[in-house]
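# Report on the structure
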Number of protein chains: 2
Amino acid sequence: MVLITYDVGTDSPEGKKRLRKVAKQCVNYGQRVQNSVFECLLDPAQFSVLKHKLDKIIDKEKDSIRFYFLGNKWEKHIEYIGKLTSFNMEDELII
Amino acid sequence: MVLITYDVGTDSPEGKKRLRKVAKQCVNYGQRVQNSVFECLLDPAQFSVLKHKLDKIIDKEKDSIRFYFLGNKWEKHIEYIGKLTSFNMEDELII
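For the structure given in this document, a descriptive report is provided here. (Residues numbered from 1 in each chain as written. Chains lettered and ligands numbered in written order. Predicted model: local features only at pLDDT ≥ 70, side-chain atom pairs only at ≥ 80, totals over all residues. Heavy atoms only, no water.)

## Thoughts on the overall build of chain A
Scanning chain A from N- to C-terminus turns up two helices and five strands. Secondary structure of chain A in N-to-C order comes out as β-α-β-β-α-β-β. A total of 95 residues make up chain A; the buried ones form 44% of that total. A separation threshold of at least 6 residues defines the contact pool for chain A, and within that pool the share at least 24 residues apart is 66%. Summed over all atoms, the accessible surface of chain A reaches about 5500 Å², with 51% contributed by carbon and sulfur. (Helix = DSSP H or I, 4+ residues; strand = E, 2+ residues; numbered from the N terminus. Buried < 20%, exposed > 50% of the residue type's maximum accessible area, 1.4 Å probe, protein only. Contact = heavy atoms within 4.5 Å. Areas by Shrake-Rupley, 256 points an atom, 1.4 Å probe, with all protein chains shown as cover.)

## Concerning the interface of chain B and chain A
Between chain B and chain A, the contact holds 36 residues from the first and 36 residues from the second. Here chain B meets chain A over a buried area of about 3100 Å², counting both sides, of which 53% is carbon and sulfur. Of all residues in chain B, the largest losses of buried area upon contact with chain A belong to Arg66, Glu79 and Ile81 of chain B, amounting jointly to 25% of the total for that side. At the junction of chain B with chain A, the criterion picks out four salt bridges. Among the salt bridges present, the one from Glu39 of chain B reaches Arg66 of chain A, with a minimum N-O distance of 2.7 Å. Elements with a minimum of two residues in the side of chain B that touches chain A: strand S1 (2–7), strand S2 (30–34), strand S3 (37–40), helix H2 (44–57), strand S4 (64–69) and strand S5 (78–82) of chain B. Sorting elements by how many residues they give to the side of chain B that touches chain A places S4 of chain B first, with six residues. (Buried area = accessible area lost by both parts, 1.4 Å probe. Salt bridge = Lys/Arg side-chain N within 4 Å of Asp/Glu carboxyl O.)

## Some details on helix H1 (residues 13–29) of chain B
Residue and element names in this part refer to chain B. With 17 residues, H1 should reach 24 Å at 1.5 Å per residue; the first-to-last C-alpha distance of 25 Å fits that figure. Of the positions making up H1, those classed as buried are Gly15, Arg18, Val22, Ala23, Gln25, Cys26 and Tyr29. Burial along H1 is one-sided: seen end-on, the buried residues are contained in an arc of 165°. H1 presents Pro13, Arg20, Lys24 and Asn28 as exposed residues on the side facing more than 90 degrees away from its buried surface. (Expected span 1.5 Å × (residues − 1). Arc of directions from axis to C-beta.)

## Quick word on the relation of the copies chain B and chain A
Overlaying chain B with chain A gives an RMSD of 0.0 Å, the required rotation being 180° about an axis along which the chain moves by 0.0 Å. Accordingly, the operation relating the two chain copies is best matched by a two-fold axis. Taking C-alpha positions as the reference, the residue of chain B nearest the rotation axis is Leu70 of chain B, at 3.3 Å. Of the interface residues in chain B, 100% have counterparts in chain A that sit at the interface too, so the contact is made through matching surfaces. (Least-squares fit on C-alpha atoms with pLDDT ≥ 70 in both.)

## Examining the packing of aromatic side chains
All names here are of chain A. Applying the stated criterion across every chain yields a total of six aromatic pairs over all chains. Geometrically, the ring pair formed by Phe47 and Phe69 is edge-to-face, given 5.1 Å between the ring centres and 75° between the ring planes. With a gap of 22 residues between them, Phe47 in helix H2 (residues 44–57) and Phe69 in strand S4 (residues 64–69) connect regions that are remote in the sequence. Clustering of aromatic rings is evident, with ring pairs tying together Phe47, Phe67 and Phe69. (Phe/Tyr/Trp six-rings, centres within 6.5 Å; stacked < 30°, edge-to-face > 60°.)

## Some points on the packing of helix H1 (residues 13–29) of chain A against H2 of chain A
Residues and elements named next belong to chain A. Remark: H1 packs on H2, axes separated minimally by 10 Å, with the N-to-C direction vectors making an angle of 170°. Classified by the interaxial angle, the pair formed by H1 and H2 is roughly antiparallel. Seen from H1, the contacting residues are Arg18, Lys21, Val22, Gln25, Cys26 and Tyr29; seen from H2, they are Gln46, Val49, Leu50, Lys53, Leu54 and Ile57. The residue inventory of the contact of H1 with H2, partitioned by class, reads seven nonpolar, two polar and three charged. (Axes fitted to C-alpha atoms, helices over the stretch in contact; angles between N-to-C directions. Parallel < 35°, antiparallel > 145°, perpendicular 65-115°, else oblique. Nonpolar A, V, L, I, M, F, W, Y, C, P; charged D, E, K, R; others polar.)

## Considerations on the side chain of Gln25 of chain A
With respect to the element layout, Gln25 of chain A can be found in helix H1. Those residues in contact with Gln25 of chain A that lie beyond four places of it in its chain are Leu50, Lys53, Leu54 and Ile57 of chain A.

Function-wise, these values are silent; they only describe arrangement.
Set out below in structure tokens:
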């Protein structure tokens, strides 16, 4: 699993537009667990494609996107407190 | 390393106050790499103390805090694009 966190400068209309574009791309590949945090199941090729897309969207002087690689046993390496807005993405595969 | 991401409801003065308190606690233990993302070097006892403090601060119906355990080789499991606001916390130990 790749955890993606983004911090986009939204102090201008252009910033807000970038934020929407970044969010749209991240949602395509994963589950939004917080406003700016996504847990994405990506193979290396998919990660490369997504990273390239985000790289073209952002303003590199104002925005920050970070990728944390949690590995395959990622579910054992997460805790949370407060509101839970996530679900196990792999549940979709269970019929 | 424990990655801490928080998403605090800030649609009220109370929410903004909680946000400041949460941020203050996280900064005590780690490095702010994005507005709401902290990379913290914590042993199990320190993690337990911090989690307890945050648990007492937040409104569990409105706020969300997530903890991701990156392990000891965490530096190999991070990539980023755009603005870099982080530094290696362990650099502080080098004289």
